[in-house]
Amino acid sequence: MKFAEIIPLLQLEPLVVIDDPDYEIETACGCDLMSDVLAFSQEKTLLLTGLTNPQVIRTAEMTDIRFIIFVRGKRPQEETIALAREKGINLYMSPKPMFECCGLLYKAGLNSENIRQI
Amino acid sequence: MQEKLILENKIERGDFARGGETSSNLKELLRKLGIPSDKNRRITIVAYELEMNIIIHSYGGEIKVYISSEQIKVVAADSGPGIEDLEKALQPGFSTADDEIRDMGFGAGMGLNNIQHYSDDVEIETGPGQPTKITAIVNL
């Protein structure tokens, strides 16, 4: 689905906008464990997280994730926003909690990632 | 096979503010060298896990990256205190990280597992009270 469709669905507030909202999102990953994101994430994935520190941006950078949504209205630290701007990663914030965000996206047709077996 | 040192950085213990800077520089460097994005992604994930391991678990160390026509090699060496039980540390989900580290999203016990998964070859030299040296290779 296009990222533009997600904006009203999760009532997103833009923090850093780099890519066109027509960007096609293929899967989503809701996660607060950055090592799990590093383990399982694919490109074209949208990351939903409650963590707001700069390591979230670093993790997205290493895994080529282009869109991050901070859930339950958590506004990230200024250094997190600055790093995202520098690295060209889109940041948005939703007032909705993680469970609701994931549920709405799943219901709208977004799939989870193919998780590798460990 | 002639290999060339392309990056060398000291990593300080507990330096979370700069955590990931070395791996970020590596990613940019490999992009400029024209390394395919899938290989770049794999080696920078490995480098990032190694970098965070030094910051979280060691007394400090350094990361060196070498490249040849056949492979990219990351060498992460620290000054201790070594991995107590390597067999356990390699099990997915096992971690000795404390709550503060977990609050930052790390310490899920996936680091070494991730390094093995994304590398074509990994060598770990460690022991209780010893320095740790991890060499990870991604073939080109």
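Structure's up top.
Let me sum up the structure you'll find in this document. These numbers were taken from a predicted model, which means no experiment stands behind them.

Digging into the overall build of chain B
In terms of helices and strands, chain B carries five helices and five strands. Here chain B has a C-alpha radius of gyration of 14 Å; the compact-globule value for 140 residues is 14 Å, and the two agree. Principal axes of the C-alpha set define a box for chain B whose edges measure 40 × 30 × 25 Å. Looking at chain B as a whole, 49% of its 140 residues are labelled buried. Accessible surface, chain B as shown: approximately 6800 Å² in total, 44% of it carbon and sulfur. The positive charge centre, built from 15 side chains, and the negative charge centre, built from 23, are 6 Å apart in chain B.

Here's the deal with the packing of aromatic side chains
Two aromatic rings, taken as a pair, are described by how far apart their centres are and by the angle between their planes. In total, this model carries four aromatic pairs over all chains according to the counting rule given. Each ring, one from A:Phe3 and one from A:Tyr92, has its centre 4.7 Å from the other, and the planes form 50°; the classification is tilted. Placement of A:Phe3 in helix α1 (residues 3-9) and of A:Tyr92 in strand β5 (residues 90-93) is noted, with a sequence separation of 89 residues between them. The two residues A:Phe3 and A:Tyr92 agree in class, both being buried. Taking 5.1 Å as the distance between ring centres and 50° as the angle between the ring planes, the aromatic pair formed by A:Tyr23 and A:Phe67 counts as tilted. One end of the pair, A:Tyr23, is in the loop between β1 (13-16) and β2 (27-30); the other, A:Phe67, is in strand β4 (residues 67-70), with 44 residues separating them in the sequence. Following the ring pairs from residue to residue traces out a cluster consisting of A:Phe3, A:Tyr23, A:Phe67 and A:Tyr92. Across from the ring centre of B:Tyr66, 5.3 Å away, lies the NZ or CZ of B:Lys73, which sits over that ring.

With respect to the interface of chain B and chain A
Between chain B and chain A, the residue contacts involve 25 residues of the former and 23 residues of the latter. Of the roughly 2000 Å² buried between chain B and chain A on both sides combined, carbon and sulfur atoms contribute 51%. Looking only at chain B, the three residues that lose the most surface to chain A are B:Arg41, B:Tyr48 and B:Met110, adding up to 26% of its buried area. On the surface where chain B and chain A come into contact, there are two salt bridges. Here A:Asp64 and B:Lys27 are joined by a salt bridge, their closest N and O atoms 3.0 Å apart. Joining chain B to chain A, the criterion identifies 15 residue pairs in polar contact (both at pLDDT 80 or more). Secondary structure elements with two or more residues in the side of chain B that touches chain A: α1 (21-32), α2 (37-57) and α5 (111-118) of chain B. Residue composition of the side of chain B that touches chain A, by class: 10 nonpolar, 10 polar and five charged.

Here is what the cut-offs are and how they apply
- Residues numbered from 1 in each chain as written.
- Chains lettered and ligands numbered in written order.
- Predicted model: local features only at pLDDT ≥ 70, side-chain atom pairs only at ≥ 80, totals over all residues.
- Heavy atoms only, no water.
- Helix = DSSP H or I, 4+ residues; strand = E, 2+ residues; numbered from the N terminus.
- Rg over C-alpha atoms; globule rule 2.2 N^0.38 Å.
- Buried < 20%, exposed > 50% of the residue type's maximum accessible area, 1.4 Å probe, protein only.
- Areas by Shrake-Rupley, 256 points an atom, 1.4 Å probe, with all protein chains shown as cover.
- Lys, Arg positive; Asp, Glu negative; His and termini not counted.
- Charge placed at Lys NZ, Arg CZ, Asp CG, Glu CD.
- Phe/Tyr/Trp six-rings, centres within 6.5 Å; stacked < 30°, edge-to-face > 60°.
- Lys NZ or Arg CZ within 6 Å of the ring centre and 35° of its normal.
- Contact = heavy atoms within 4.5 Å.
- Buried area = accessible area lost by both parts, 1.4 Å probe.
- Salt bridge = Lys/Arg side-chain N within 4 Å of Asp/Glu carboxyl O.
- Polar contact = N/O pair within 3.5 Å; in protein donor to acceptor, adjacent residues only side chain to side chain.
- Nonpolar A, V, L, I, M, F, W, Y, C, P; charged D, E, K, R; others polar.

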